[in-house]
Amino acid sequence: MRDFFGGAVFSRRDLYFRIWHIFSIFRYKTSLFRAYVMTIFRECLLAYFVVGLASLAACDVISKEPTVLIAILVRNKAHTLPYFLSLLQRQDYPKQRICLWVRSDNNVDNSIEILTKWINSEGELYHSLNVHLNATSTGFEDEKTIADWSPSRFAHIIDLRERALNHARQVWADFIWMLDADVFLTNSSTLRDLVLKGKTVVAPLLKSDGMYSNFWAGMTAEHYYVRTDRYEPILYREETGCHDVPMIHSAVLIDLRRRDSDRLTYKAEKLIGYDGPVDDIITFAVGANKSDVSLFVCNDEIYGFVMVPLESDESIAEDTLRLTNTKVEMLAHSDYLPLSEDLKQFVTYPEMDTLSLDHIYMINLLRRPERRGRMQRLFKELGIRAEIIDAVDGRTLNESILKEWGVKPMPEYADPYHKRPMTMGEIGCFLSHYVIWQKVLEHGYKDVMVLEDDVRFEPFFRQKVRYVLTELSDLGVEWDLIYLGRKRLMESEESRIQGSKFLVRAAYSYWTLGYVLSESGARKLLSAMPLGKLVPVDEYLPILSDTHPKTMALELGPHNIRVNTVNPTVVMTEMGKLGWSDPQKARDMLSKIPLGRFSEVDEVVDAIVYLLSDRSSMINGVCLPIDGGFLAL
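The protein has the name Glycosyltransferase 25 family member isoform X1 in an unreviewed UniProt entry, where Dinoponera quadriceps is given as its organism. UniProt, in the comment section headed Sequence similarities (unreviewed entry), describes the protein in these words: "Belongs to the glycosyltransferase 25 family."

### A closer look at the pattern of salt bridges
Evaluation of the coordinates by the stated rule reveals 29 salt bridges. Among the salt bridges present, the one from Lys267 reaches Asp159, with a minimum N-O distance of 3.6 Å. Separated by 108 residues along the polypeptide, Lys267 in the loop between strand 13 (251-255) and helix 8 (280-290) and Asp159 in helix 5 (residues 151-170) bring together distant segments of the chain. With a relative accessible area of 19%, Lys267 lands in the buried category. A relative accessible area of 23% means that Asp159 is categorised as partly exposed. Sharing partners across several salt bridges, the network here consists of Glu65, Asp92 and Arg192.

### Topic: the sheet that holds strand 7 (residues 183-184)
Ordered by their spatial adjacency, 3 strands build an open sheet running 7-15-9, and the pairing between neighbours is mixed. Taken across any chain shown, the strands that pair with only one partner, and hence form the sheet edges, are strand 7 and strand 9 (206-207). By the bridge criterion, 2 bridges tie strand 7 to strand 15 (residues 304-306) in an arrangement that is antiparallel. Looking across to strand 15, one finds that Val183 is bridged to Val306. Each of strand 7 and strand 15 touches helix 9 (residues 316-331); the most contacted strand, strand 15, lies at about 165 degrees to it.

### A closer look at the sheet that holds strand 8 (residues 201-204)
With mixed pairing, 8 strands are arranged side by side in an open sheet as 5-4-3-6-13-8-14-11. Each end of this open sheet is capped by a strand with a single partner; those strands are strand 5 (128-133) and strand 11 (242-245). Pairwise comparison of adjacent strand axes, ignoring direction, gives a mean angle of 20 degrees for this sheet. Note that strand 8 and strand 14 (residues 295-298) share 4 bridges and pair parallel. Counted as the bridge partner of Val201 is Leu295 from strand 14.

### Overview of the packing of aromatic side chains
In the structure shown here, the tally under the stated rule is 13 aromatic pairs. Geometrically, the ring pair formed by Tyr266 and Phe284 is stacked, given 4.8 Å between the ring centres and 25 degrees between the ring planes. Of this pair, Tyr266 sits in the loop between strand 13 and helix 8 while Phe284 sits in helix 8, and the two are 18 residues apart along the sequence. For the pair formed by Tyr266 and Phe284, the shared burial category is buried. Cluster of aromatic residues (ring-pair linked, three or more members): Phe215, Trp216, Tyr225 and Tyr231.

### A closer look at the packing of helix 9 against helix 10 (residues 369-382)
The N-to-C vectors of helix 9 and helix 10 enclose an angle of 175 degrees; their axes lie 10 Å apart at closest approach. Considering the angle they form, helix 9 stands roughly antiparallel to helix 10. Counted together, Thr324, Lys327, Val328 and Leu331 of helix 9 and Arg374, Arg377, Leu378, Glu381 and Leu382 of helix 10 form the full contact between these two elements. Per-class residue counts for the contact of helix 9 with helix 10 are 4 nonpolar, 1 polar and 4 charged.

### Looking at the environment of Val102
Within the secondary structure, Val102 sits in strand 4 (residues 98-104). Residue contacts for Val102: discarding those within four places in its chain leaves Ile72, Leu115, Asn130, Val131, His132 and Leu133.

### Describing a negative patch on the surface
A cluster of like negative charges, contributed by Asp229, Glu232, Glu238 and Glu239, occupies part of the molecular surface. When you line up the elements, Glu239 lands in the loop between helix 7 (231-235) and strand 11. Its relative accessible area of 47% is what places Glu239 among the partly exposed residues.

### Digging into the confidence of the model for the protein
Here the protein averages 87 in pLDDT, and 86% of its residues register 70 or above. For residues 44-51, every residue scores under 50 in pLDDT, and the model assigns this stretch 6 contacts once sequence neighbours within four places are set aside.

### Things to note about unusual backbone geometry
Leave glycine aside and you will find that most residues have negative phi; peptide bonds, for their part, are mostly trans. At Asn106, a position not held by glycine, the phi torsion is positive, near 55 degrees. Take Asn106: it is sitting in the loop between strand 4 and helix 4 (111-122). A positive phi angle is found at Arg237, which is not glycine, with a value near 60 degrees. Relative to the assigned elements, Arg237 resides in the loop between helix 7 and strand 11.

### What to know about the nonpolar core
Looking at soluble globular proteins, one finds that nonpolar side chains tend to be buried together. Within the largest apolar cluster, 72 residues are counted, with the highest numbers of intra-cluster contacts made by Ile70, Phe84, Trp177, Leu179, Leu253, Met449 and Phe457. When residues of this core are assigned to their parent elements, the largest contribution, 6 residues, is made by helix 3 (residues 81-88). Three or more residues apiece are contributed to this core by two domains, here domain 2 (68-319) and domain 3 (350-546). Residue contacts for Trp177: discarding those within four places in its chain leaves Val68, Leu69, Ile70, Ala71, Leu185, Thr190, Leu191, Leu194, Ala251, Val252 and Leu253. Counting residues in hydrophobic clusters, the runner-up holds 41 residues, among them Ile157, Ala217, Leu264 and Val297.

### Looking at the packing of helix 12 (residues 424-443) against helix 14 (residues 519-527)
It is at 9 Å that the axes of helix 12 and helix 14 come closest, and there the two elements cross at 125 degrees. Between helix 12 and helix 14, the angle falls in the class oblique. Considering the relative orientation of helix 12 and helix 14, their crossing is left-handed. Residues Tyr434, Trp437, Gln438, Val440 and Leu441 of helix 12 lie in contact with helix 14, whose contacting residues are Glu519, Ala522, Arg523, Leu525 and Leu526. For the contact of helix 12 with helix 14, a count of residues per class yields 7 nonpolar, 1 polar and 2 charged.

Rules used throughout
Residues numbered from 1 in each chain as written. Predicted model: local features only at pLDDT ≥ 70, side-chain atom pairs only at ≥ 80, totals over all residues. Heavy atoms only, no water. UniProt positions renumbered as here; feature names shortened; annotations may be inferred. Salt bridge = Lys/Arg side-chain N within 4 Å of Asp/Glu carboxyl O. Helix = DSSP H or I, 4+ residues; strand = E, 2+ residues; numbered from the N terminus. Buried < 20%, exposed > 50% of the residue type's maximum accessible area, 1.4 Å probe, protein only. Pairing = 2+ DSSP bridges. Contact = heavy atoms within 4.5 Å. Axes fitted to C-alpha atoms, helices over the stretch in contact; angles between N-to-C directions. Phe/Tyr/Trp six-rings, centres within 6.5 Å; stacked < 30°, edge-to-face > 60°. Parallel < 35°, antiparallel > 145°, perpendicular 65-115°, else oblique. Nonpolar A, V, L, I, M, F, W, Y, C, P; charged D, E, K, R; others polar. Patch = residues over 30% accessible without salt bridge, like charges linked within 9 Å, V, L, I, M, F, W, Y side chains within 5 Å. Areas by Shrake-Rupley, 256 points an atom, 1.4 Å probe, with all protein chains shown as cover. Lys, Arg positive; Asp, Glu negative; His and termini not counted. Charge placed at Lys NZ, Arg CZ, Asp CG, Glu CD. pLDDT = per-residue confidence, 0-100. Core = buried A, V, L, I, M, F, W, Y, C linked by side-chain atoms within 4.5 Å. Domains from an automatic or database assignment. Left-handed = near helix turned anticlockwise from the far one by under 90°.

Spelled out as structure tokens, the structure:
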């Protein structure tokens, strides 16, 4: 051991000798001892003063980032690798401070081909590579499927992780980052941020398309997962920071400079009294907990996403569907998905169609190109072929334009939440939907989907839409509109459609971002001539449901209040006469009314007066059609 002391460099042996010499002198000359001690003390002060100045001077020196070994294990991840690798290479940490330790085996897809392509293209940017790709192995004898975690597979993974950990220690890496190949680090500063956290073991919180994440907030006595009250506040970032949790996985950074990291292991036999399952991440977590090494998950930023793992009986095809879900979720948080030019050849997209519907429309304002671009990327990922409708921009509307459209907002209308009249933006939104309803009848479409540009797609969106449409057909249910997303105000009052897995009879809904509309639904929406008494489209769509009066009747009946509605088609008001005076225009509509004529104002008024009178005292919760038999067809 050597040190800087009193302006001279000397060994520990020199120090011991000087101390022995001091006590030898003490025995004979106390005064000389005192002087000698003062001399040594002055030398010490001088030495520490010089060292202090040197430390201050060193503050101006820019230190290199700590070295990081990234350990990557790959098996049958050809579908995730293009995105995983593209996002990894976007990390803003200096690549010359990173060593890549990569192992891949037992593949039945082209994972190795993709890894080889990327390593040949990008590998030279990193400090060093330690890569072993086994193209001949195809699985373990005791695994039933490629997603089955058999004892042999667990033993193999445990061995690989332990080898990576030991290799990082042997090459004196400052950190090791255990990174799974189905992790997508959308935050390019993830590695840099984690290094600066100052934790022995830490991971970024990774979201999925559901409740799954890369941490546990609770663990049973048998070392298995248990959901606790801490989980959701951490997952949904209601409480932000770095949280001490019993388990982290998928993107675990270990600071090997810290002494307590020496006690970490993936091998159960290295732990005293381990009684948990044979599992790499559980063994690591239990060992850390037993060694008083805290595990932290950080949610102070949105760092990235992780795939929901396959069940043992699922296949790569199902994992590919999950990847689509994850990509859709990522696009909800960012404008695009980075993809390296070298890896684009390995990415496939579903064939685009209209989900067995006649047509799909998407409404977008021209002044919001970023939303249009995002939706187009989502359609590509989901395989949706949609026509973009340029929305009517409320900023361009004025009194003269509204007069040309024949728009007259309902004067007594007030937003149910904000208690304000309609805005120009809401009028433009209604007109955009109105144009689509007209197109439905013009083209004779039997069913269409209408989406707004801020919609967020649910996992397995394609599959769910097709399932619902098939279900409606099989059940023989007649329908006008299917909400795809909405704010339910009276959920408890909605009854399930018998035999259906997903569908309920919708009660009053406050807003919607998407819906499927039938031809009959479009006809009803238009025949009510809504422009003359305009309300927001979200308030108008519920007229297709006959559950609104039923719901309110149930709520208000105990107070002796009856709730009924009337549902006329075309009524010969002054505006109705102007709108339907053209015989050619009226002919098609009249052909669908068995009585062969439109309603007169008095006929609607008489029905309303009847429902308000005591003569209808036992009528409650009905929607009375006044349509000459239009709905009977």
